Amino acid sequence: MIEFTTWDILRNLLLAARWTVLLSLVSFIGGGLLGLALLFGRISPRRWLSKATGSYIELFQGTPLLMQMFLAFFGLGLFGVDVPARLAAGLALILWSAAFLTEIWRGCVESIARGQWEASASLGMGRLQQMRYVILPQALKIAIPPTVGFSVQVIKGTALTSIIGFVELSKAGTVVTNATFQPFTVYGFVALIYFALCWPLSKSSQILERKLNVAHRNH
Amino acid sequence: MSLIEITEVRKSFGANEVLKGINLDVEPGEVIAIIGKSGSGKSTLLRCINGLETISGGSISVAGAQLAEDEVHLKALRLKVGMIFQQFNLFPHLTAGGNVMLSQMVVKKVPKAQAEAMARRMLERVGLAHKFDAYPDELSGGQQQRVAIARALAMQPIALLCDEITSALDPELVSEVLAVVRELAAEGMTLLMVTHEMKFARDVCSRVVFMHQGRVHEIGPPEDVFANPQTPELRQFLGMTGHA
Ligand SMILES: Nc1ncnc2c1ncn2[C@@H]1O[C@H](COP(=O)(O)OP(=O)(O)OP(=O)(O)O)[C@@H](O)[C@H]1O
Ligand SMILES: [Mg+2]
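Quick notes on the rules
- Residues numbered from 1 in each chain as written.
- Chains lettered and ligands numbered in written order.
- Predicted model: local features only at pLDDT ≥ 70, side-chain atom pairs only at ≥ 80, totals over all residues.
- Heavy atoms only, no water.
- Pairing = 2+ DSSP bridges.
- Helix = DSSP H or I, 4+ residues; strand = E, 2+ residues; numbered from the N terminus.
- Axes fitted to C-alpha atoms, helices over the stretch in contact; angles between N-to-C directions.
- Contact = heavy atoms within 4.5 Å.
- Left-handed = near helix turned anticlockwise from the far one by under 90°.
- Nonpolar A, V, L, I, M, F, W, Y, C, P; charged D, E, K, R; others polar.
- Near = heavy atom within 4 Å.
- Polar contact = N/O pair within 3.5 Å; in protein donor to acceptor, adjacent residues only side chain to side chain.
- Areas by Shrake-Rupley, 256 points an atom, 1.4 Å probe, with all protein chains shown as cover.

A. Representation of the sheet that holds strand β9 (residues 207-212) of chain B within the structure. Residue and element names in this part refer to chain B. Pairing is mixed across the open sheet formed by six strands, whose spatial order is β6-β7-β8-β3-β9-β10. Because the sheet does not close on itself, it has two edges, and the strands there are β6 (81-84) and β10 (215-220). Averaged over all adjacent pairs, the angle separating strand axes in this sheet is 20°, with direction ignored. Pairing analysis gives four bridges linking strand β3 (residues 31-36) to strand β8 (residues 190-194), with the strands arranged parallel. Residue pairing in the sheet places Ala33 in a bridge with Met193 of β8. Helix α2 (residues 71-80) contacts β6 and β7 (159-163) of the sheet and is inclined by roughly 70° relative to β6.

What follows is the structure, given as structure tokens:
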């Protein structure tokens, strides 16, 4: 039997962690772009559009991420589309992140005083101009802490993709355990690596929140 | 043709009819004070004139531009009438100068240098040239309101709507804002202002509109309205405010 040193274990896990980071980035950025588009729909004065985006959000917030991944993975397979695990994983995570980010950002936009909309409207700005130059710059500052906080959820969410066979940090943990029979050591390292990824983010989210609360200045 | 023509305007919020057929024609250069009890529909009327509320009936036109719901017509109308709010509503993320420049650049596509020159002129006009780089939260209420006036003026409107623009101010700051308005009136700007400053209305306005329960209850030059009220409602209102 081959002997595994601690370094072997750690090295394999770190190599797999790259996929966790990459998948997280793709999901977060993709989800953010889609979320921004959905945000405009969600706060649109057109009833049907805001209803439609509202339903989308409820659907993705109201079902487990794991089910969404299964559906992306097996569901598309039913139509004869052969979906690689990483595509299904990325797709499900993007759609899921978008739903949550839209809802976070909608709250931030709605916290901007109505007078800001009215003043900019009375100066002749159209809706997109109001958003672009008046509302979003203010909402953005409020949105930063919860958005950074949500990125932690995305990283942890990527662990679920191991179930549909995408080899990231969690899946690598299982594989390495099967080879080494040292589950405690292996999963201990896995947990530490997740912590090293998530903790700085949640910490900075807290610090940002405190900073923005202390700073009464809005600029 | 009058500058602002308000004809049989009605406005309901649900079952609550707030404006019950308002008729009012405003000539260029007129300064109109709108007075009346809380809830009589004064703010609603001003908000209808620049399309912040959609009217339920009647029509409004400003210098020939008809009020309509689509964005193109609304924008055309809003370029003609500016609005000043009780709560100033400056953009907190921009400096005073930035506040005055933004809509010129975004709405009228004025080049930046030109917008800045205009902003400096307008801030100068309200006595705040030295506050160009100050953010709203570094300014007093009176200064913020004057920046808001400069911001509206920079769009070169032909009329200004003012909704209780001194009501949120500490008493000692009221006069600096009123002085600016007085000057605008003297320069011939058409003004429609909801106000509780009866003395100001008496001194500056060409006509006073007394609103009561969603109607224009009395209207006339300030001498007549204040000295010789025709209806018990107006007498009671003036008695209440101590200016009978
Ligand atoms: N957005 C709204 N939705 C429902 N009702 C409204 C709305 N805006 C105003 N109203 C109602 O319309 C009536 C007139 O309000 P308005 O603000 O025009 O009065 P006002 O004369 O300006 O009073 P004040 O002196 O207190 O400012 C009030 O009864 C008010 O409750
Ligand atoms: Mg009012």
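Alright, that's what it looks like, and here's the rest.
B. Representation of the sheet that holds strand β2 (residues 16-26) of chain B in the model. Residue and element names in this part refer to chain B. Pairing is antiparallel in the open sheet, where four strands are placed in the order β2-β1-β4-β5. Looking at the sheet topology across the chains shown, the edges are occupied by β2 and β5 (65-66). Sheet analysis places strand β4 (residues 57-62) next to β5, joined by two bridges and oriented antiparallel. The residue of β5 that forms the bridge with Val62 is Ala65.

C. Fine view of the packing of helix α1 (residues 6-42) of chain A against helix α6 (residues 127-157) of chain A. Residues and elements named next belong to chain A. Direction vectors running N to C along α1 and α6 enclose 150°, while the axes themselves pass 12 Å from each other. Handedness of the α1/α6 crossing: right-handed. Mapping the contact onto sequence places Thr20, Ser24, Ser27, Phe28, Leu39 and Phe40 in α1 and Leu128, Met131, Leu136, Thr147, Phe150, Ser151, Val154 and Ile155 in α6. When grouped by side-chain class, the residues that make up the contact of α1 with α6 number nine nonpolar, five polar and no charged.

D. Local environment of the site of ligand 1. Residues and elements named next belong to chain B. What surrounds ligand 1 is the set Phe13, Asn16, Val18, Lys37, Ser38, Gly39, Ser40, Gly41, Lys42, Ser43, Thr44 and Glu164. In the model, an oxygen atom of ligand 1 is placed 2.4 Å from a nitrogen or oxygen of the Thr44 side chain. The contact in question runs from an oxygen atom of ligand 1 to an N or O atom on the side chain of Glu164, over 3.3 Å. Burial of ligand 1 by the surrounding chains reaches 59%, relative to a free accessible area of 640 Å². Elements supplying a minimum of two residues to the shell around ligand 1: β2 and α1 (42-49). Ranked by residue count, the leading element in the shell around ligand 1 is α1, at three residues. When grouped by side-chain class, the residues that make up the shell around ligand 1 number two nonpolar, seven polar and three charged.

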